[in-house]
Amino acid sequence: MTSYASVLTITAFTIERYIAICKPLVSHKILAFSRCVKIIVTIWIISSCCALPYPIHTDLFYYVHNSHGNPISDSLQCNIPQMYYRRMTHVFQMSSFVFFLVPLTVIIVLYVLIGLTLRRAEMRREASVKYHHPHPRSGSLGSKIQHERSPPCAARRSVLKVLCMSAIFTLHI
């Protein structure tokens with residue numbers, strides 16, 4: 001349950017980042033504290049419901065028996081009995097798809113879109129600076145204005161590094 005909630009929460013954070021960066025005007029309308037609380041509660045309800053088959057199909061049983069058919073006391077374990085293996089195989093496969101592959105795909109696509117949006121914004125900014133100051137000379141007023149308007153290259157790299165590290169950390173979890 002906690003693993004499911006973690007994956008869904010990270011996916012929700014990624015969606016929130018995407019909306020905040022790529023759709024800033026929309027973000028003011030839909031990203032409110034009350035909505036965040038509802039999303040978190042919904043995530044935990046979904047996680048709880050999807051995790052229910054595991055405790056329902058888990059039991060205590062002896063895994064190893066001696067030659068007389070008596071259980072060996074050290075082999076007592078809490079696990080899924082063999083009679084549920086077929087059913088739980090489908091549950092494992094569905095949970096892998098729904099709680100790993102789908103969120104992974106969503107996170108990758110959204111981070112690519114965020115990166116493309118940031119790159120387009122950077123290209124527009126550079127084009128705007130070039131349009132307004134086509135031939136800046138060192139020491140001229142145009143050059144000073146251009147340097148005042150454009151953030152340092154290190155700052156842009158820093159934003160890109162944060163975005164990349166955030167994506168890597170999210171995918172690693």
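Residues numbered from 1 in each chain as written. Predicted model: local features only at pLDDT ≥ 70, side-chain atom pairs only at ≥ 80, totals over all residues. Heavy atoms only, no water.

Going by what an unreviewed UniProt entry lists, the protein chain is known as G-protein coupled receptors family 1 profile domain-containing protein and is assigned to Dreissena polymorpha. Quoted verbatim from the Subcellular location (unreviewed entry) field of the UniProt record, the comment on the protein chain reads "Membrane". (UniProt positions renumbered as here; feature names shortened; annotations may be inferred.)

(A) Quick look at the overall build of the protein chain. What the protein chain contains, in helices and strands, is 7 helices and 2 strands. Starting at the N terminus, the α and β elements of the protein chain follow one another as α-α-α-α-β-β-α-α-α. Relative to its full complement of 173 residues, the protein chain shows a buried share of 21%. Taking the contacts inside the protein chain whose residues are at least 6 apart along the sequence as the reference set, 61% of them involve residues at least 24 apart. Just so you have it, the protein chain exposes about 12800 Å², and 67% of that area is on carbon and sulfur atoms. (Helix = DSSP H or I, 4+ residues; strand = E, 2+ residues; numbered from the N terminus. Buried < 20%, exposed > 50% of the residue type's maximum accessible area, 1.4 Å probe, protein only. Contact = heavy atoms within 4.5 Å. Areas by Shrake-Rupley, 256 points an atom, 1.4 Å probe, with all protein chains shown as cover.)

(B) Local environment of the side chain of H57. Within the element layout of this structure, H57 appears in the loop between α4 (53–56) and β1 (59–62). For H57, a relative accessible area of 10% puts it in the buried group. Reaching out from H57, the side chain makes a polar contact with the side chain of R87 at a distance of 2.9 Å. Not counting residues within four places of it along the chain, the set of residues in contact with H57 comprises N79, I80, P81, Y84, R87 and M88. (Polar contact = N/O pair within 3.5 Å; in protein donor to acceptor, adjacent residues only side chain to side chain.)

(C) Expanded view of a nonpolar patch on the surface. A cluster of nonpolar side chains, namely M94, F97, V98, F100, L101 and V102, defines an oily patch on the protein surface of about 540 Å² accessible area. Looking at the element boundaries, L101 is found in helix α5 (residues 85–132). (Patch = residues over 30% accessible without salt bridge, like charges linked within 9 Å, V, L, I, M, F, W, Y side chains within 5 Å. Salt bridge = Lys/Arg side-chain N within 4 Å of Asp/Glu carboxyl O.)

(D) Layout of the UniProt feature "transmembrane region" (unreviewed entry) in the protein chain. Mapped onto this structure's residue numbering, the UniProt feature "transmembrane region" (unreviewed entry) falls at residues 36–56 and 97–118. Structurally, residues 36–56 is divided into 95% helix and 0% strand, and its ends, taken at the C-alpha atoms, are 31 Å apart. Taken end to end, residues 97–118 comprises 100% helix and 0% strand; its first and last C-alpha atoms sit 30 Å apart.

(E) Molecular detail of the packing of aromatic side chains. By the definition in use, this model includes 3 aromatic pairs. Pairing Y54 with F92 gives two aromatic rings, centres 5.5 Å apart and planes at 40°, and the pair type is tilted. Remark: F92 occurs in helix α5 and Y54 occurs in helix α4; sequence separation between them is 38 residues. You can call Y54 buried: its relative accessible area is 19%. Taking the relative accessible area as the measure of exposure, F92 reaches 40% and is therefore partly exposed. Note on F61 and Y63: the rings are 6.5 Å apart at their centroids and 45° apart in plane angle, and the pair reads as tilted. Among the residues examined, Y63 registers a relative accessible area of 54% and is labelled exposed. (Phe/Tyr/Trp six-rings, centres within 6.5 Å; stacked < 30°, edge-to-face > 60°.)

(F) Representation of the confidence of the model for the protein chain within the structure. Per-residue pLDDT for the protein chain has a mean of 82; in total, 75% of the residues score no lower than 70. Predicted confidence for residues 140–150 stays below pLDDT 50, and this span has 12 contacts to residues more than four positions away or in other chains. (pLDDT = per-residue confidence, 0-100.)

(G) Structural context of helix α3 (residues 33–51). With 19 residues, α3 ought to run about 27 Å at 1.5 Å a step, and its terminal C-alpha atoms sit 27 Å apart, in line with that. Every buried residue of α3 is accounted for by I43, S47 and A51. One side of α3 holds all its buried residues, which, seen down the axis, span an arc of 45°. Against α1 (2–22) and α4 lie the buried residues of α3. (Expected span 1.5 Å × (residues − 1). Arc of directions from axis to C-beta.)

(H) Spotlight on the nonpolar core. By size, the foremost hydrophobic cluster in this structure holds 9 residues: Y4, A5, L8, I43, A51, Y54, I80, M88 and F99. Those residues in contact with M88 that sit more than four places away from it in its chain are P53, Y54, H57 and I80. Counting 8 residues, the second-largest nonpolar core is a separate cluster that includes Y18, I107, Y111 and I114. (Core = buried A, V, L, I, M, F, W, Y, C linked by side-chain atoms within 4.5 Å.)

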